[in-house]
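Each chain is listed here by its residues.
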Amino acid sequence: MRRFLRSLILSLALCPLAAMALEPVNINTADAAALQQINGIGPSKANAIIEYRKTNGAFATVDDLVKVPGIGEKSLEQLKPQVTVGTAAAAPASSAKGGGGKAK
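Residues numbered from 1 in each chain as written. Predicted model: local features only at pLDDT ≥ 70, side-chain atom pairs only at ≥ 80, totals over all residues. Heavy atoms only, no water.

A.B. asks: Kindly report on the side chain of N26, identifying the contributing residues and their values.
C.D. replies: Looking at where N26 falls in the secondary structure, it is placed in strand β1 (residues 25-26). A distance of 2.7 Å separates the side chain of N26 from the backbone nitrogen of N28, its partner in a polar contact. Ignoring any residue separated from it by four or fewer positions in sequence, one finds N26 in contact with T84, V85 and G86. (Helix = DSSP H or I, 4+ residues; strand = E, 2+ residues; numbered from the N terminus. Polar contact = N/O pair within 3.5 Å; in protein donor to acceptor, adjacent residues only side chain to side chain. Contact = heavy atoms within 4.5 Å.)

A.B. asks: For the nonpolar core, give the residues involved together with the corresponding values.
C.D. replies: Formed by 19 residues in total, the largest nonpolar core has its most connected members in L35, I41, I49, L65 and V68. Ranked by residue count, the leading element in this core is helix α3 (residues 43-56), at 5 residues. Contact partners of I41, with chain neighbours within four places excluded, come to L35, Q36, A46, I49, I71 and L79. (Core = buried A, V, L, I, M, F, W, Y, C linked by side-chain atoms within 4.5 Å. Buried < 20%, exposed > 50% of the residue type's maximum accessible area, 1.4 Å probe, protein only.)

A.B. asks: Mind laying out the confidence of the model for the protein chain, listing which residues take part and the relevant values?
C.D. replies: Looking at the protein chain, the pLDDT average stands at 80 and 69% of residues meet or exceed 70. Confidence, read as mean pLDDT per element, is least for helix α5 (residues 93-96) in the protein chain (40) and greatest for strand β2 (residues 83-84) (98). Counting contacts from residues 16-20, a segment whose pLDDT is below 50, to residues more than four positions away or on other chains yields 0 contacts. In the predicted structure, residues 88-104 sits below a pLDDT of 50 and forms 2 contacts with residues beyond four places in sequence or in another chain. (pLDDT = per-residue confidence, 0-100.)

Set out below in structure tokens:
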């Protein structure tokens, strides 16, 4: 009975950790530590993703990861279920301020 209770308590304690692991990591906002939580991403690939973002801007799709040095099609297929580029972007600031752009 004690063994069962210990197992049950341990399982319940680990459930939140398992749920967190199922949340995709936003590759457009994650820092190096968060990127390294993705299975298949180590320190060098995490830094390469961050450098790519700095140079080229945000990823439009998860498929854009193949543009990062060291990430190929095979790696991409492993990473896809674990990553996201986030939800649809908010309206540009200029439209939120009443148009902002010049009419032609």
